[in-house]
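Take a look at the letters that make up each chain.
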Amino acid sequence: MTLNVDLGALDPKDRYKLLTAVVIPRPVAWVTTISDEGIVNAAPFSFFNLFGKDPALVALGLEHHADGSPKDTTRNIRAGGEFVINIATPDLTVAMVGTAAHYAPTAGEPEALGLPTAPSAHIAPPRLADVPVAIECRRTVALTFSPEREIVIGEAVGLAAREGMVDLANWHVHWNGDYPIARLFADRYARLEEIAPQSIPPAPT
């Protein structure tokens, strides 16, 4: 027997809980931005994905405070129009989750948690030095859907990768089994260790 749920009739918290337990795994963008005062902010976002190649776009879902005021990442992107999507691997999960804690705007998470940064090549916000890959982005458009929810579309303008990771002859990326961490639901994350074999369905007769 099939259960049919009217999502529109659910309390938003229950709707969120249900949908984020179904749409899994989700890639995580560990976003770094910089304020007008030069403070580097870092925060993880699991409403994120690639969205095209020409232009190369990424979509990033941002959540505001309950009163509608922007959090540090949103405020910095609005002011500077630039952000870095850092791709974390399982060994960085604890540090990544740590940057989700509340910090005052005057206290940058990388500095508070001892996370080293490195300069970006094309934009002002730095990347996190310990991640294997970071994508440098410039905001293209932002869409507001409610006082608490905004989607930013950014153009990927640069990529920094650990030495030896990208094969420049054919632009293949070699993760060597150390794939990015993925979000499941609540406080659970997934380690991607196995790639499903490709299967070709039989031709119709």
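Our subject in this report is the structure included herewith. Here the structure is a predicted model, which is why all the values come from computation and not from measurement.

Remarks on the side chain of Glu82
Then step 1. Tracing the backbone through its elements, the reader meets Glu82 in strand β6 (residues 82-87).
Then step 2. Within polar-contact distance, the side chain of Glu82 engages the backbone nitrogen of Ala124 at 2.9 Å.
Then step 3. Apart from residues lying up to four places away in sequence, Glu82 is in contact with Thr33, Ile77, His122, Ile123, Ala124, Pro125, Cys137 and Arg138.

Here we look at unusual backbone geometry
Then step 1. The residue after Ile24, namely Pro25, is reached through a cis peptide bond having omega -10°.
Then step 2. Tracing the backbone shows Pro25 in the loop between α1 (12-22) and β1 (26-27).
Then step 3. In the Ramachandran plot, Asn176 falls in the positive-phi region, its phi being about 55° despite a non-glycine side chain.
Then step 4. You can see Asn176 is positioned in the loop between β12 (172-173) and β13 (181-183).
Then step 5. Its relative accessible area of 73% is what places Asn176 among the exposed residues.
Then step 6. Of note, the phi angle at Ala186 is positive, near 50°, even though the residue is not glycine.
Then step 7. Locating Ala186 in the fold gives a position in the loop between β13 and β14 (189-191).

A word on a nonpolar patch on the surface
Then step 1. A contiguous nonpolar surface patch, about 610 Å² in accessible area, is contributed by Leu3, Val5, Leu7, Leu18, Leu19, Val22 and Val23.
Then step 2. If you trace the backbone, Leu18 turns up in helix α1.

Digging into the environment of Val22
Then step 1. Here Val22 is to be found in helix α1.
Then step 2. By relative accessible area, which is 56% here, Val22 ends up exposed.

Some remarks on the nonpolar core
Then step 1. In this structure, Val31, Phe48, Leu60, Phe83 and Ile85 are the most contacted members of the largest nonpolar core, which totals 17 residues.
Then step 2. Counting 13 residues, the second-largest nonpolar core is a separate cluster that includes Ala42, Leu128, Val131 and Ala134.

Some words on helix α2 (residues 72-80)
Each turn of an α-helix holds 3.6 residues, which means side chains three or four residues apart point in the same direction.
Then step 1. Listed in full, the buried residues belonging to α2 are Asp72, Thr73, Thr74, Asn76 and Ile77.
Then step 2. Just beyond α2, the residue with positive phi is Gly81, at close to 70°.

Here we look at the pairing of strand β9 (residues 133-146)
Then step 1. Judged from the six bridges that link them, β6 and β9 form a sheet pairing that is antiparallel. Bridge pairing links Ile85 to Ile135 in β9.
Then step 2. Judged from the twelve bridges that link them, β9 and strand β10 (residues 149-161) form a sheet pairing that is antiparallel. Counted as the bridge partner of Leu143 is Ile151 from β10.

Considering the side chain of Thr93
Then step 1. Tracing the sequence through the fold places Thr93 in helix α3 (residues 93-98).
Then step 2. Here the side chain of Thr93 touches Pro90 through a polar contact of 2.9 Å, landing on its backbone oxygen.
Then step 3. In this structure, Thr93 is in contact with Ile181 and Tyr189, ignoring residues within four places of it in sequence.

Rules and cut-offs
Residues numbered from 1 in each chain as written. Predicted model: local features only at pLDDT ≥ 70, side-chain atom pairs only at ≥ 80, totals over all residues. Heavy atoms only, no water. Helix = DSSP H or I, 4+ residues; strand = E, 2+ residues; numbered from the N terminus. Polar contact = N/O pair within 3.5 Å; in protein donor to acceptor, adjacent residues only side chain to side chain. Contact = heavy atoms within 4.5 Å. Buried < 20%, exposed > 50% of the residue type's maximum accessible area, 1.4 Å probe, protein only. Patch = residues over 30% accessible without salt bridge, like charges linked within 9 Å, V, L, I, M, F, W, Y side chains within 5 Å. Areas by Shrake-Rupley, 256 points an atom, 1.4 Å probe, with all protein chains shown as cover. Salt bridge = Lys/Arg side-chain N within 4 Å of Asp/Glu carboxyl O. Core = buried A, V, L, I, M, F, W, Y, C linked by side-chain atoms within 4.5 Å. Pairing = 2+ DSSP bridges.

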